[in-house]
Amino acid sequence: RSGAPRARAAAAAPAPALPPSGELPSVGEVVEVEVAEEGAPDRTVWSPSEVRESVPGGRFKACVNGDEDFIEEFGLEDEGREWRKVEDQASAKKAYAAAHALAKRKAAAEKAAEKAAAEAAARTAAAGADKGEGKAERKGESKGEGGPKPKKRKVTASGGAPRPPPGVVVSHRYAFGMAVEVAGEDEGFERSWYSGEVLKAAAKVTVRYDALFEEDSDAKRPLTETLEPGRLRPLPPKAQEGWLRKAKAGLPLELKHDGGWWQVEFVSVADGGDAETATQLLVRGAGELWGGAEILADVSSLRPGWHFNAASQSWGSRGAAAAAAPKKSRSGSKSRRSGARPDKGAA
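Residues numbered from 1 in each chain as written. Predicted model: local features only at pLDDT ≥ 70, side-chain atom pairs only at ≥ 80, totals over all residues. Heavy atoms only, no water.

A. Broad picture of the packing of aromatic side chains. Applying the stated criterion to the full structure yields seven aromatic pairs. Ring centres 6.1 Å apart and planes at 65° place the aromatic pair Phe-189 and Tyr-194 in the edge-to-face group. With a relative accessible area of 2%, Tyr-194 lands in the buried category. When the centroid spacing of 5.6 Å and the interplanar angle of 40° are considered together, the rings of Trp-262 and Trp-290 count as tilted. Of this pair, Trp-262 sits in strand β12 (residues 260-269) while Trp-290 sits in the loop between β13 (280-285) and β14 (294-298), placing them 28 residues apart in sequence. Each member of the pair Trp-262 and Trp-290 is classed as buried. Members of the aromatic cluster, connected to one another through ring pairs, are Phe-189, Tyr-194, Trp-262 and Trp-290. In this arrangement the basic side chain of Lys-220 is found over the ring face of Phe-213, its NZ or CZ atom lying 5.2 Å from the centre. The side chain of Arg-233 reaches across the aromatic face of Trp-193, ending 3.7 Å from its centre. (Phe/Tyr/Trp six-rings, centres within 6.5 Å; stacked < 30°, edge-to-face > 60°. Buried < 20%, exposed > 50% of the residue type's maximum accessible area, 1.4 Å probe, protein only. Helix = DSSP H or I, 4+ residues; strand = E, 2+ residues; numbered from the N terminus. Lys NZ or Arg CZ within 6 Å of the ring centre and 35° of its normal.)

As structure tokens, this is what we get:
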């Protein structure tokens, strides 16, 4: 969801929720929305949220947790998972009013703190400038020349800093609750994609994995990591019918293995028949993955070798040029994953 996830108001007790109804809430109705708990992004809470408007296509917008900067859009497909109806509207509206009042106080406090910080920075800068000018004047007097001239800022013909060409998207916009895939960079995870859910989206994105877990966690606690947006992509689309019809040796594919999708390449049909009608294919790990060993894989565990173009917001084949392995992360990663390193030649 857009904006930083906010904490639930302390006075807002959750009202009894209704089972999924299959009906959109009306404008003014209070529902509950799942948000990341402030200070604990790996946990979520249900927060009172007011429906503000209906959106074409069977969707609606709601003000989440009383925060006017946290307006989110939902659909019926999200009911029970990201939002839910509340039976006791009187209690729900009271909880929303408390959350709204708390959000207003927090916003006012944040604004005051920002103003104070800006004023302090301005005073510090002014003091530094006065001190620098004094030094420059003394230096100029001793040498019989003026002080150093300030460096001018570069601008383009438009009068500002360079901007991307029209239509170029520097990176995809991720938001709370979005399902994504993360490119593996740690040793043993290169050329893999593991799915997860966005818990917080800012300069970096916090993701909770679906099938990667904290090491030495008896309860198999899902791993949470904060990552650069460039390592993420949305969930790929489903393959079109007959996508293997023209399969040739070297065609980029992805193999479902150990909870993730791994980059492989098509070798041949196991029984020498037609790839489109085959039930098993011979594939090998892309690059040096698994030592280049050939693997007998069920077609049901394969999908196209996807590549997401953030600039055009479109999907295409990974292709030979994009088959290079991602960079390895620094040694000594803070979070160590468990239960996902593939054995060589394993399918």
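B. Summary view of the pairing of strand β16 (residues 306-309). Of the two faces of β16, the one holding Trp-306 and Phe-308 is buried and the one holding His-307 and Asn-309 is not buried anywhere. Counted along the chain from β16 to the antiparallel partner strand β17 (residues 314-317), the turn is four residues long, and its residue Gln-313 has a positive phi close to 55°. (Pairing = 2+ DSSP bridges.)

C. Main features of the nonpolar core. Formed by 31 residues in total, the largest nonpolar core has its most connected members in Leu-232, Leu-281 and Leu-302. Of all the elements in the fold, those that place two or more residues in this core are β6 (179-183), β7 (192-201), β8 (205-214), β9 (222-227), β11 (252-257), β12, β13 and β14. Contact partners of Leu-232, with chain neighbours within four places excluded, come to Tyr-174, Val-180, Glu-181, Val-182, Val-205, Val-207 and Leu-227. Among the nonpolar cores identified, the runner-up in size contains 14 residues, and Val-31, Ala-62, Phe-70 and Phe-74 belong to it. (Core = buried A, V, L, I, M, F, W, Y, C linked by side-chain atoms within 4.5 Å. Contact = heavy atoms within 4.5 Å.)

D. Just unusual backbone geometry, in detail. Positive phi is not limited to glycine here, since Asn-65 has a value of about 60°. Looking at the element boundaries, Asn-65 is found in the loop between β3 (59-64) and β4 (71-75). Using a relative accessible area of 4% as the deciding quantity, one classes Asn-65 as buried. With phi around 70°, Arg-191 is a residue other than glycine that occupies positive phi space. Inspection of the secondary structure puts Arg-191 in the loop between β6 and β7.

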